Every structure is written in structure tokens, then in C-alpha cells.
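Chain by chain, the residues run as shown.
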Amino acid sequence: MSRAPFQVLVIPYRLTADGLLYALFRRLDTDGGFWQAIAGGGEDAETPLEAARRETYEEAGIRMDSEFLPLASVSTIPVVHMGFKWGPSVLVVPEHTFGVRADTSELTISTEHVEYRWLPYNEAYDILHWDSNRSALWELNYRLAGE
């Protein structure tokens, strides 16, 4: 299996009696210990949506047939931050973003993370490390809450 030159970012959400909540995941301390959405790369000939479904299942146990919402937020990531190289002409890769509706509050986490939390928008926004995650969260919240 070979790594495709793109990244995906997926934000799980659920609607509760108290409003919308978003799941964020804390990386291992040896990997920065920061909070982020589900992130990963495409494999072989996967489309971004296929990669998002697979990564979401692998990192959070969310079913692959769940309802995914493609977002317009797209960032680019320098390959020097990824540990992969696709030749001298590929200097950045796109990061495609999605929301995914989670039907349960209980998620499983992969060995890449030490914990997860369900948070309301403002709290989630405040602890996110990456600007791309904040932009995607803002867009997802806007689309879902209709603000």
C-alpha cells in the first residue's frame, strides 16, 4: 500500500439535548500532545471521501457507512511536516475536510491518541492546535447550526 499525496481531516459531531457537540482527539505526548480532529492520509487510489471513511473508522471506531458531510475548507500541508516525499515537484499536499455524524457518544481511539472529548463549539475551537482544524470546525458548525 502506498501513501497518496493528500490528507483528510474529519470532525465527528452529534446533536444532544444541550446542542451540537464535536469530538476532538489529543495526540500522544511524543507526537506533540495537541488536540485535533481525525487526520490521516489517502492510500493507493482512494478518493478523499474513501480515505476519510477509513481513517474515521480506524481512529474513532465510527462506522464507514455513517453520514459524511464534505466541507469546502481545504488547506495545504508542507510535505516536510508529514514525513513522506512524492518527488521534488510535490512540496505541499491538500487537506480535504469532512464532518461525520456520530450516532454514539462512545468512541474508540487508536494508538495515535490518548483521549478524546465531546465539546461544544467554543470549547472545541479554543483547544484546537491547527488553524486548518479551526477553519473546518467553524464551517461545520456554521452549516449545522445555521448561524
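Up top is the structure.
A quick note: this is a predicted structure, and the numbers were derived from the prediction, not measured. Sequence positions are assigned chain by chain, starting from 1 and proceeding in written order. Local features in a predicted model are, by the rule used here, given only for residues with pLDDT of at least 70; side-chain atom pairs are given and counted only at 80 or more, and totals for whole chains, interfaces and linings are based on all residues. Water and hydrogen atoms play no part in the side-chain values, which are based on all heavy atoms of the structure.

Undergrad: Looking at this structure, how should I read the overall build of the protein?
TA: Secondary structure elements are taken from DSSP: a helix is a run of H or I of four residues or more, a strand is a run of E of two residues or more, and numbering for both begins at the N terminus. Along its length, the protein carries three helices and seven strands. Secondary structure elements of the protein, listed N to C terminal, follow the sequence β-β-β-β-α-β-β-β-α-α. C-alpha atoms define the radius of gyration in this analysis, and the globule rule sets the expected value at 2.2 Å times the number of residues to the power 0.38. Against the 2.2 N^0.38 benchmark of 15 Å for 147 residues, the protein shows a C-alpha radius of gyration of 15 Å, consistent with a compact globule. Overall, the protein is about 50 × 30 × 25 Å in size when its C-alpha atoms are taken along their principal axes. Only protein chains enter the accessibility calculation, which uses a 1.4 Å probe; a residue is then buried when its area is under 20% of its type maximum, exposed when over 50%, and partly exposed in between. The 147 residues of the protein split such that 48% are buried.

Undergrad: Just to check I follow, could you spell out the packing of aromatic side chains for this structure?
TA: Given two aromatic rings, one states the distance between the centres and the angle between the planes to describe the pair. Each Phe, Tyr or Trp ring, with Trp reduced to its six-membered ring, pairs with another whose centre is within 6.5 Å; inter-plane angles below 30 degrees give stacked pairs, above 60 give edge-to-face pairs, and intermediate values give tilted ones. Scanning the entire structure with this criterion turns up four aromatic pairs. Seen from their ring centres, F25 and Y116 are 6.0 Å apart, and the 35° between their planes marks the pair as tilted. On the criterion of sequence distance, the pair formed by F25 in strand β2 (residues 19–27) and Y116 in strand β7 (residues 113–119) is long-range, its members being 91 residues apart. Under the relative-accessibility criterion, F25 is labelled buried at 0%.

Undergrad: Help me understand the nonpolar core, please; the structure alone is not making it clear to me.
TA: What is meant by a nonpolar core is a set of buried Ala, Val, Leu, Ile, Met, Phe, Trp, Tyr and Cys residues, joined one to another through side-chain atoms within 4.5 Å. Counting residues in each nonpolar core, the largest one holds 18 residues, and the members touching the most others are V10 and L107. At the level of elements, β1 (3–16), β2, α1 (48–60) and β6 (92–101) are the ones that each hand at least two residues to this core. At four residues, the largest contribution of residues to this core is made by β1. Only heavy atoms enter the contact rule, under which two residues are in contact if any of them lie within 4.5 Å. Apart from residues lying up to four places away in sequence, L107 is in contact with A23, F25, A60, I62, Y116 and W118. The next biggest cluster of nonpolar side chains, apart from the first, holds 17 residues, and it includes Y13, W35, A37 and L137.

Undergrad: Can you help me understand a nonpolar patch on the surface in this one?
TA: A surface patch of nonpolar side chains, about 330 Å² in accessible area, is lined by Y125, W138 and Y142. Inspection of the secondary structure assignment puts Y125 in helix α2 (residues 121–127). A patch consists of residues whose relative accessible area exceeds 30% and which take part in no salt bridge; residues with like charges are grouped when within 9 Å of each other, and nonpolar side chains (Val, Leu, Ile, Met, Phe, Trp, Tyr) when within 5 Å. Computed by Shrake-Rupley with a 1.4 Å probe, the accessible areas treat only the displayed protein chains as cover when residues are assessed. Any carboxyl oxygen of Asp or Glu within 4 Å of a side-chain nitrogen of Lys or Arg constitutes a salt bridge here.

Undergrad: Sorry, what's going on with the pairing of β1 here?
TA: One face of the sheet, then the other: side chains in a regular strand alternate in exactly this way. Among the 14 residues of β1, twelve are classified as buried, and the element is accordingly described as predominantly covered. Two strands pair under a simple rule: DSSP has to find at least two bridges between them. Pairing between β1 and strand β4 (residues 38–43): five bridges, direction antiparallel. Opposite R3, over in β4, you have E43 as the bridge partner. As judged from the seven bridges shared by β1 and β6, these two strands associate in the parallel manner. Bridging across to β6, Q7 finds its partner in E95. Bridge count for β1 against β2 is four bridges, and the pairing is antiparallel. The residue of β2 that forms the bridge with R14 is L21.

Undergrad: Looking at this structure, I do not really get helix α3 (residues 131–145). What am I missing?
TA: Every α-helical turn comprises 3.6 residues, leaving residues that sit three or four positions apart pointing alike. Its 15 residues give α3 an end-to-end C-alpha distance of 21 Å, which sits within 8% of 21 Å, the value for a rise of 1.5 Å per residue. Those residues of α3 not exposed but buried are S132, N133, R134, A136, L137, E139, L140 and N141. Each element contacted by the buried residues of α3 is listed here: β1, β2, β3 (35–36), β5 (68–78), β6 and α2. A positive backbone phi angle near 65° is found at G146, which sits one or two residues after α3. Helix span, as expected, comes to 1.5 Å for every residue beyond the first.

Undergrad: So what exactly am I meant to see when it comes to the environment of W86 here?
TA: Mapped onto the elements, W86 comes out in the loop between β5 and β6. When the C-alpha positions of W86 and L71 are compared, they lie 26 Å apart, and in sequence the two are 15 residues distant. When residues no more than four places from it in sequence are discounted, the contact partners of W86 are R3, A4, P5, V79 and V93.

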